[in-house]
Amino acid sequence: MADTIFGKIVRGEVEADVVYRDELVTAFRDINAQAPTHVLIVPNEAIPTAADVEPSHEPALGRLFTAARKIAEAEGIAEEGYRLIVNVRGHGGQEVFHLHMHLLGGKRLGRMLSG
Ligand code: AMP
């Protein structure tokens, strides 16, 4: 599969504001934040989209949620709540084809769908 900007961030080849990293996932702040907290959590292994996941990816996919929980706590938004989003391919609005989970919070978020 083609490399993406997120693969370069995972490998440390491109700078990012990394807030969490372990052997399975990396999390960094979105450069175009849509909320006071907007973090992207990505598997270190590049999976293009959620439509490409296989059972072998399950440890990393599960870790996305554990990392999200930890980051939300560290950001101080866990109690009030937040939103986790995975966009899939064109109709889902996916722009970067390295599967990623958006963690958004820090304010009351609007309706889930805007279009
Ligand atoms: P999606 O539409 O789900 O593919 O989301 C891609 C997200 O990646 C967008 O919210 C972008 O603002 C964000 N993004 C793109 N390039 C970078 C980058 N170099 N560092 C951080 N976030 C990025």
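Computed from a predicted model, the values in this text were never measured in an experiment.

**What to know about the layout of surface pockets**
Then, number 1: When its volume is computed, the largest pocket comes out at roughly 940 Å³.
Then, number 2: Around the largest pocket sit 33 residues that line it, and Asp-30, Gln-34, His-38, Asn-87 and His-102 are the ones nearest its centre.
Then, number 3: Broken down by secondary-structure element, the contributors of at least two residues to the lining of the largest pocket are helix H1 (5-10), strand S2 (25-29), strand S3 (37-43), strand S4 (82-85), helix H3 (89-92) and strand S5 (101-105).
Then, number 4: Take the lining of the largest pocket: its biggest share by element is three residues, from H1.
Then, number 5: Taken together, the residues of the lining of the largest pocket break down into 15 nonpolar, eleven polar and seven charged.
Then, number 6: Here the second largest pocket defines a volume of roughly 180 Å³.
Then, number 7: Taken together, Gly-76, Ile-77, Glu-80, Gly-81, Tyr-82, Arg-83, Gly-106, Lys-107, Arg-108 and Leu-109 make up the lining of the second largest pocket.
Then, number 8: Looking at the lining of the second largest pocket residue by residue, the class counts come to three nonpolar, three polar and four charged.

**Things to note about a nonpolar patch on the surface**
Then, number 1: A surface patch of nonpolar side chains, about 270 Å² in accessible area, is lined by Phe-65, Tyr-82 and Leu-84.
Then, number 2: Within the secondary structure, Tyr-82 sits in strand S4.

**Re the site of the ligand**
Then, number 1: Asp-30, Gly-93, Glu-95, His-100 and His-102 are the nearest of the 16 residues found near the ligand.
Then, number 2: A distance of 2.9 Å is found between an oxygen atom of the ligand and a side-chain nitrogen or oxygen belonging to Asn-87.
Then, number 3: Between Glu-95 and the ligand, the recorded distance is 2.6 Å, taken from a backbone N or O atom to an oxygen atom.
Then, number 4: Taken by itself the ligand offers 500 Å² of open surface, and the protein chains cover 85% of this.
Then, number 5: When atom positions are compared with the pocket grids, the ligand is found to occupy the largest pocket.
Then, number 6: Those elements giving two or more residues to the shell around the ligand turn out to be H1 and S2.
Then, number 7: The element best represented in the shell around the ligand is H1, accounting for three residues.
Then, number 8: Residue composition of the shell around the ligand, grouped by class: seven nonpolar, six polar and three charged.

**Observations regarding the pairing of S5**
Then, number 1: For S5, a buried count of five out of five residues is recorded, marking the element as mostly surrounded by other parts of the structure.
Then, number 2: The side-chain alternation of S5 yields two buried faces, one formed by Met-101, Leu-103 and Gly-105 and the other by His-102 and Leu-104.
Then, number 3: Bridge count for S3 against S5 is five bridges, and the pairing is antiparallel. In the sheet register, Val-39 faces S5, and the bridge partner there is Leu-103.
Then, number 4: The sheet contact formed by S4 and S5 spans four bridges and is antiparallel. By the bridge assignment, Leu-84 is partnered in S5 with Leu-103.

**So, the pattern of salt bridges**
Then, number 1: Applying the stated rule across the entire model yields nine salt bridges.
Then, number 2: Salt-bridge contacts for Arg-63 lead to Glu-23; the nearest nitrogen and oxygen are separated by 3.3 Å. Taken as a pair, Arg-63 in helix H2 (residues 58-75) and Glu-23 in the loop between strand S1 (18-21) and S2 lie far apart in primary sequence, 40 residues in all.
Then, number 3: By relative accessible area, which is 22% here, Arg-63 ends up partly exposed.
Then, number 4: Take Glu-23: its relative accessible area is 58%, and that puts it in the exposed class.
Then, number 5: For Arg-69, the salt bridge is made with Glu-73, and the minimal N-O distance between the two is 3.3 Å. One end of the pair is Arg-69 and the other is Glu-73, both in helix H2 and four residues apart, which spans about a single turn.
Then, number 6: Under the relative-accessibility criterion, Arg-69 is labelled partly exposed at 40%.
Then, number 7: Judged by its relative accessible area of 45%, Glu-73 is partly exposed.

About the cut-offs
- Residues numbered from 1 in each chain as written.
- Predicted model: local features only at pLDDT ≥ 70, side-chain atom pairs only at ≥ 80, totals over all residues.
- Heavy atoms only, no water.
- 1 Å grid on protein atoms, 1.4 Å probe; cavity = no way out; pocket = protein on both sides within 12 Å on 5 of 7 lines; lining within 4 Å.
- Points joined across faces, edges and corners; volume = space filled by probe spheres on them.
- Helix = DSSP H or I, 4+ residues; strand = E, 2+ residues; numbered from the N terminus.
- Nonpolar A, V, L, I, M, F, W, Y, C, P; charged D, E, K, R; others polar.
- Patch = residues over 30% accessible without salt bridge, like charges linked within 9 Å, V, L, I, M, F, W, Y side chains within 5 Å.
- Areas by Shrake-Rupley, 256 points an atom, 1.4 Å probe, with all protein chains shown as cover.
- Salt bridge = Lys/Arg side-chain N within 4 Å of Asp/Glu carboxyl O.
- Near = heavy atom within 4 Å.
- Polar contact = N/O pair within 3.5 Å; in protein donor to acceptor, adjacent residues only side chain to side chain.
- Sits in = over half its atoms within 2 Å of the grid points.
- Buried < 20%, exposed > 50% of the residue type's maximum accessible area, 1.4 Å probe, protein only.
- Pairing = 2+ DSSP bridges.

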